[in-house]
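# Structure assessment
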Amino acid sequence: MKAGGLRSGGAAAVVRARWLAALGLALVPATPAAAERLFTLWKLEPTVAAPPSRAVWGEPFLEQRLLPVKLVRLTDPVMAGDQVIVAGGSFLFLVYNAAGKTGYCTVKDRSMKNQARTLFIPILDRRPCLTDRDGDGRFDASFTVFDKYGSAATPSGSLDGATALAKPVAYQAADPHLFPVAMKIAFELGGKKVPEKVQVRVKMDKAGRGKWEYWDAILPRAGRTIGALNAEVEVKSVTGREAAIDVRLDPGIYIRGESGGRFVAGPLPSFLNE
């Protein structure tokens, strides 16, 4: 998929060029690389039908949900003897590593019992993931991950270390809207109330728990137009606490989570097809 969709030429082209040159902007500080890094990929979908034309200072003017690029559902349970490891009907979302190997992971157990047990030691909260190594539509190996940085989008684990299942398990593609974790990104206006100096602030609910963190980045600007992740925001005028805006969204830009705790924006990797 091409990363097109924003207007070409003029200020928009300048914003896009600067923005794509800065796709490595981090939400949290980088951490030392592990032996194997896992990645997740998320499509941004607005929670409203049409982009807004007005924004109130300091209040979100646009929210977008993070949906997995690929979601699957098990047709049967994964068993280890008489024990159910992953229940039939469970949803699993795409993960991959730098070599382009892919797998699918379950979501974190949010039960009070499990959270109390793993509150201070995230590595104890390992959960199963599955991989289809021969691409025949059945998972044939498993590995585990844990949310070291508090988000399903930044799982830590080793896909290379997957071990064979006793019995392969079939799966089917599922609608990404069925993903049970509501991670979101929101935009708001800040800075000076002058069109050429207005700032767009980006914040993220990275765990889908209503705990927002601001994206730590300087967003590129060309006059009254600011590039913000998959959006281009033009501030037309400001009156009091309200601004007239024009928001243009690029459907070819995704959010990538990394096992080191980073989130970056960029196009779909070439080896993945939606």
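Residues numbered from 1 in each chain as written. Predicted model: local features only at pLDDT ≥ 70, side-chain atom pairs only at ≥ 80, totals over all residues. Heavy atoms only, no water.

### Side note on the sheet that holds strand S2 (residues 54-56)
Working definition: the strands of a sheet are paired by backbone hydrogen bonds and lie parallel or antiparallel to each other. As summarised here, the arrangement of the 5 strands in space is S2-S19-S18-S17-S16, forming an open sheet in which the pairing is antiparallel. In this open sheet, the two strands that pair with only one neighbour each are S2 and strand S16 (221-222). With 4 bridges joining them, strand S17 (residues 225-228) and strand S18 (residues 231-239) adopt antiparallel strand pairing. Bridging from a neighbouring strand, Ala-228 pairs with Ala-231 of S18. (Pairing = 2+ DSSP bridges. Helix = DSSP H or I, 4+ residues; strand = E, 2+ residues; numbered from the N terminus.)

### Things to note about the packing of aromatic side chains
Summed over the entire model, instances satisfying the criterion amount to 9 aromatic pairs. Geometrically, the ring pair formed by Phe-61 and Phe-187 is tilted, given 6.2 Å between the ring centres and 50° between the ring planes. Of the two residues, Phe-61 is situated in strand S3 (residues 60-68) and Phe-187 in strand S13 (residues 184-191); the sequence distance between them amounts to 126 residues. For Phe-61, a relative accessible area of 10% translates into the label buried. When the ring of Tyr-104 is compared with that of Tyr-171, the centres are 6.3 Å apart and the planes differ by 35°; the resulting orientation is tilted. Note that Tyr-104 is positioned in strand S8 (residues 102-105) and Tyr-171 in strand S12 (residues 163-174), a separation of 67 residues in sequence. Chaining the aromatic ring pairs together yields one cluster made of Phe-39, Tyr-96 and Phe-271. We note Arg-201 situated over the ring of Tyr-214; from NZ or CZ to the ring centre the distance is 3.9 Å. Stacked on the ring of Trp-212, the Lys or Arg Lys-203 has its end atom at 5.5 Å from the ring centre. (Phe/Tyr/Trp six-rings, centres within 6.5 Å; stacked < 30°, edge-to-face > 60°. Buried < 20%, exposed > 50% of the residue type's maximum accessible area, 1.4 Å probe, protein only. Lys NZ or Arg CZ within 6 Å of the ring centre and 35° of its normal.)

### Some remarks on the side chain of Asp-132
On the secondary structure map, Asp-132 appears in the loop between strand S9 (127-131) and strand S10 (138-146). Arg-138 provides the closest opposite charge to the buried, unpaired Asp-132, separated from it by 7.2 Å. Looking at Asp-132, its side chain comes within polar contact range of the main-chain nitrogen of Gly-137, at 2.9 Å. A polar contact is formed between the side chain of Asp-132 and the backbone nitrogen of Arg-138, at a distance of 3.4 Å. Among residues more than four places away in sequence, those in contact with Asp-132 are Gly-137, Arg-138, Phe-139, Asp-140 and Tyr-171. (Lys, Arg positive; Asp, Glu negative; His and termini not counted. Salt bridge = Lys/Arg side-chain N within 4 Å of Asp/Glu carboxyl O. Polar contact = N/O pair within 3.5 Å; in protein donor to acceptor, adjacent residues only side chain to side chain. Contact = heavy atoms within 4.5 Å.)

This is a description of form; function is not addressed.
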